[in-house]
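Residue-level structural notes
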Amino acid sequence: MEEDTLEISLVNDLREIASVAAMIDEFCAQRNYAPQIGYAINLSIEEILTNRISFGYDDDEQHRIEVIVRVEENQLVVVLVDNSAPFDLSATVEIDGEGSLEEGEELLAGLGLFLVNQVMDSVEYRRKNECNILIMTKETQEAVEADSEP
């Protein structure tokens, strides 16, 4: 029986995101999930990791980041845990084409959260023991490859 949990440990280096995406793709392919499932999860993880690695740490030290993907009934649950600075999950942006270059960093962070909220079915954030814990879910029941049917 295939394992229903994928645990990935990485450091705060943007170059590690590609290997995370490959592991997620393989995990989803093994379960015959439609490509849009893996795409949504990878887009979300990439946006969050890029934001946390780029803006969440105020030193040049290595920090451990944990990514856990597990199958729970008809959904995938994705948990990201890191010890970067707290962030505001509600800091999404409204896309209106307005804004100045000075607002760029805040806009990019908000745009990433906006995208995550669009492609995932639920997103929850909490802070515990100096760590950020982000829990995202993606429904899988309707999104299994058609060729898996008899």
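In what follows, the accompanying structure is described. What you see is a predicted model; the values in this text were computed from it and never measured.

So, how was this worked out
- Residues numbered from 1 in each chain as written.
- Predicted model: local features only at pLDDT ≥ 70, side-chain atom pairs only at ≥ 80, totals over all residues.
- Heavy atoms only, no water.
- Salt bridge = Lys/Arg side-chain N within 4 Å of Asp/Glu carboxyl O.
- Buried < 20%, exposed > 50% of the residue type's maximum accessible area, 1.4 Å probe, protein only.
- Axes fitted to C-alpha atoms, helices over the stretch in contact; angles between N-to-C directions.
- Helix = DSSP H or I, 4+ residues; strand = E, 2+ residues; numbered from the N terminus.
- Parallel < 35°, antiparallel > 145°, perpendicular 65-115°, else oblique.
- Left-handed = near helix turned anticlockwise from the far one by under 90°.
- Contact = heavy atoms within 4.5 Å.
- Nonpolar A, V, L, I, M, F, W, Y, C, P; charged D, E, K, R; others polar.
- Pairing = 2+ DSSP bridges.
- Patch = residues over 30% accessible without salt bridge, like charges linked within 9 Å, V, L, I, M, F, W, Y side chains within 5 Å.
- Areas by Shrake-Rupley, 256 points an atom, 1.4 Å probe, with all protein chains shown as cover.
- Lys, Arg positive; Asp, Glu negative; His and termini not counted.
- Charge placed at Lys NZ, Arg CZ, Asp CG, Glu CD.

This part takes up the pattern of salt bridges. Tallying each qualifying case throughout the model produces four salt bridges. Across the pair Arg70 and Glu72 runs a salt bridge whose closest N-O atoms are separated by 2.5 Å. Since its relative accessible area comes to 32%, Glu72 is described here as partly exposed. One salt bridge connects Arg126 with Glu124, and the closest N-O pair in it is separated by 2.4 Å. For Arg126, a relative accessible area of 39% translates into the label partly exposed.

In the contact formed by helix H1 (residues 17-30) and helix H2 (residues 35-55), the axes pass within 10 Å of each other and the chain directions differ by 155°. The orientation of H1 relative to H2 falls into the category roughly antiparallel. The handedness of the crossing between H1 and H2 is right-handed. On H2, the residues touching Ile17, Val20, Ala21, Ile24, Asp25 and Cys28 of H1 are Ile37, Gly38, Ile41, Asn42, Ile45, Glu46, Leu49, Thr50 and Ile53. Considered class by class, the residues forming the contact of H1 with H2 number ten nonpolar, three polar and two charged.

With respect to topology, five strands assemble into an open sheet ordered E1-E2-E3-E5-E4, the strand pairing being antiparallel. The strands lining the two open edges of the sheet, one partner per strand, are strand E1 (5-11) and strand E4 (122-128). With direction set aside, neighbouring strand axes in the sheet form an average angle of 15°. Pairing of strand E3 (residues 75-82) with strand E5 (residues 131-139), which is carried by eight bridges, proceeds in the antiparallel orientation. Note on E5: the bridge partner recorded for Leu76 is Lys138. Against the sheet, H1 contacts E1, strand E2 (64-72) and E3, and its axis sits at roughly 175° relative to E1.

Among the surface-exposed residues, Asp58, Asp59, Asp60 and Glu61 lie close enough to one another that they form a single negatively charged patch. Looking at where Glu61 falls in the secondary structure, it is placed in the loop between H2 and E2. For Glu61, a relative accessible area of 53% gives the class exposed.

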